[in-house]
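For reference, the chains in residue letters:
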Amino acid sequence: VSIDEAPHSELADLREAPETRAAQGEARAALEQAVRSLPIDYRSALVLRDIAGLSTGEAAEILGVSEAAFKSRLHRARVSVREAVKDRLPDEGTR
Amino acid sequence: MIEPLRKRTVRRHPQAHVLSRYLDGELAPSERRRLNTHLGDCPDCRRVLDSLAHTRDGLASLPAEPRADLADSIIAALRLEAPAQDAVTKRASRAWGSPALRLVGDGARQSNGNRAYIGRRLRLRPALGYCLRRAQLRLTVPMALLVGSVLSVINQGDMIFTGRLSVGMCVTCAMNFLVPFVALNIGLVMALGVAKRRRL
């Protein structure tokens, strides 16, 4: 597809600032790295629920734990990932 | 009088995982009301909440690459644990077939595999499957052979060496090998159960 034939949205993508794309790529890589660094129990919970989009009940059943235990892992995993990537999130301060 | 109370409320920041539960709508109405009040007064907590929301949104937008092999191994382990869970495993299959789950990595294979054998209620078939895995047999068979041989020599040695063989003695000798084999496997399965409880 030549530039002339490209749909409007693709042209918009091409015009997107390289710095913005680089920052997005960096943030995504940091996010993936943070997920990979989690203990397997936390990682499984996070991936099933937040990335794959399964319901709490389904994900808990797959992992063989109660919903309460699953939620505990999920939220602690999310907090760990947030801690790891918070400097790359927009307008993030510290508490 | 009102001001010090307000400050005390603001200073008691909720833990971050409570904010995550808030995002998912998991808090009880009273907890939610309390947190709403706190968030109204606390810019720090609002920032943490925003960053948690950004984190969750970022996770949801991670790209997906097919990793059917990973999906297959996990689903196989799940089926081993509970064939009746087919509806769930089919949904899991679709999910694992979808890209994102590559992030679970090989560790998940190991973890889910173990879970297949050490579920909360130990099932006979998964336990047998675990005991008959090559890695377990490499440990249990030589140990059972060693212990069985020693027991046979001690208890039936004189009969064996003098050639006074009988069916009863052969059965007893077989038990000398079988009992330590079974005991070792029971020990391994129980150890896995203990390991899982400690992880929870």
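Above this note sits the structure.
Residues numbered from 1 in each chain as written. Chains lettered and ligands numbered in written order. Predicted model: local features only at pLDDT ≥ 70, side-chain atom pairs only at ≥ 80, totals over all residues. Heavy atoms only, no water.

1. Details of the overall build of chain B
Reasoning step 1: Broken down by element type, chain B carries 10 helices and 0 strands.
Reasoning step 2: When the elements of chain B are put in sequence order from the N terminus, they spell out α-α-α-α-α-α-α-α-α-α.
Reasoning step 3: Each of the 200 residues in chain B was classed as buried or not, and the buried ones make up 38%.
Reasoning step 4: Long-range pairs, those at least 24 residues apart, make up 68% of the contacts in chain B with a sequence separation of at least 6. (Helix = DSSP H or I, 4+ residues; strand = E, 2+ residues; numbered from the N terminus. Buried < 20%, exposed > 50% of the residue type's maximum accessible area, 1.4 Å probe, protein only. Contact = heavy atoms within 4.5 Å.)

2. So, the overall build of chain A
Reasoning step 1: When you go through chain A residue by residue, the secondary structure sums to 5 helices and 0 strands.
Reasoning step 2: Each helix and strand of chain A, placed in order from N terminus to C terminus, yields the pattern α-α-α-α-α.
Reasoning step 3: Taken over 95 residues, chain A has a buried fraction of 41%.
Reasoning step 4: When contacts within chain A are restricted to residue pairs at least 6 apart in sequence, those whose partners lie at least 24 apart make up 44%.
Reasoning step 5: Of the roughly 5,100 Å² of accessible surface on chain A, 49% is carried by carbon and sulfur atoms. (Areas by Shrake-Rupley, 256 points an atom, 1.4 Å probe, with all protein chains shown as cover.)

3. Some remarks on a nonpolar patch on the surface
Reasoning step 1: A grouping of Val167, Val171, Met175, Leu178, Val179, Val182, Ile186 and Met190 of chain B is seen on the molecular surface, where their side chains present a nonpolar patch of about 750 Å² in accessible area.
Reasoning step 2: Within the fold, valine 171 of chain B resides in helix α10 (residues 167–199). (Patch = residues over 30% accessible without salt bridge, like charges linked within 9 Å, V, L, I, M, F, W, Y side chains within 5 Å. Salt bridge = Lys/Arg side-chain N within 4 Å of Asp/Glu carboxyl O.)

4. Comments concerning helix α2 (residues 16–23) of chain B
Reasoning step 1: Most of α2 of chain B sits out of view: 6 of its 8 residues are buried.
Reasoning step 2: Every buried residue belonging to α2 of chain B is among Ala16, His17, Val18, Leu19, Ser20 and Tyr22 of chain B, and all of these are buried.
Reasoning step 3: Considering only its buried residues, α2 of chain B is in contact with α5 (67–85) of chain A together with α3 (29–41) and α4 (43–60) of chain B.
Reasoning step 4: Looking one or two residues past α2 of chain B, glycine 25 of chain B carries a phi angle of roughly 70 degrees, positive in sign.

5. Thoughts on helix α4 (residues 56–63) of chain A
Residues and elements named next belong to chain A.
Reasoning step 1: Counting buried positions along α4 yields 6 of 8 residues, so the element is predominantly enclosed.
Reasoning step 2: Among the residues of α4, those classed as buried are Thr56, Glu58, Ala59, Ala60, Ile62 and Leu63.
Reasoning step 3: After α4 finishes, the residue glycine 64 shows a positive phi value of roughly 70 degrees.

6. Looking at the nonpolar core
Reasoning step 1: Leu46, Phe70 and Val81 of chain A together with Leu59 of chain B are the most contacted members of the largest nonpolar core, which has 23 residues in total.
Reasoning step 2: Those elements that place two or more of their residues in this core are α2 (18–37), α3 (40–51), α4 and α5 of chain A.
Reasoning step 3: When neighbours within four sequence positions are excluded, leucine 59 of chain B is seen to be in contact with Leu31, Val35, Leu46, Asp50 and Ile51 of chain A.
Reasoning step 4: Within the second largest apolar cluster, 13 residues are counted, among which are Ala16, Leu27, Leu49 and Leu52 of chain B. (Core = buried A, V, L, I, M, F, W, Y, C linked by side-chain atoms within 4.5 Å.)

7. Examining the pattern of salt bridges
Reasoning step 1: Throughout the structure, instances matching the rule amount to 9 salt bridges over all chains.
Reasoning step 2: In this structure, aspartate 41 of chain A engages arginine 73 of chain A in a salt bridge whose closest nitrogen and oxygen atoms are separated by 4.0 Å. Pair noted here: aspartate 41 of chain A is in helix α3 and arginine 73 of chain A is in helix α5, with a separation of 32 residues, a long-range link.
Reasoning step 3: Salt bridges here are not isolated pairs; linked through shared partners, they connect Arg49, Asp50 and Arg78 of chain A together with Asp24 and Arg56 of chain B.

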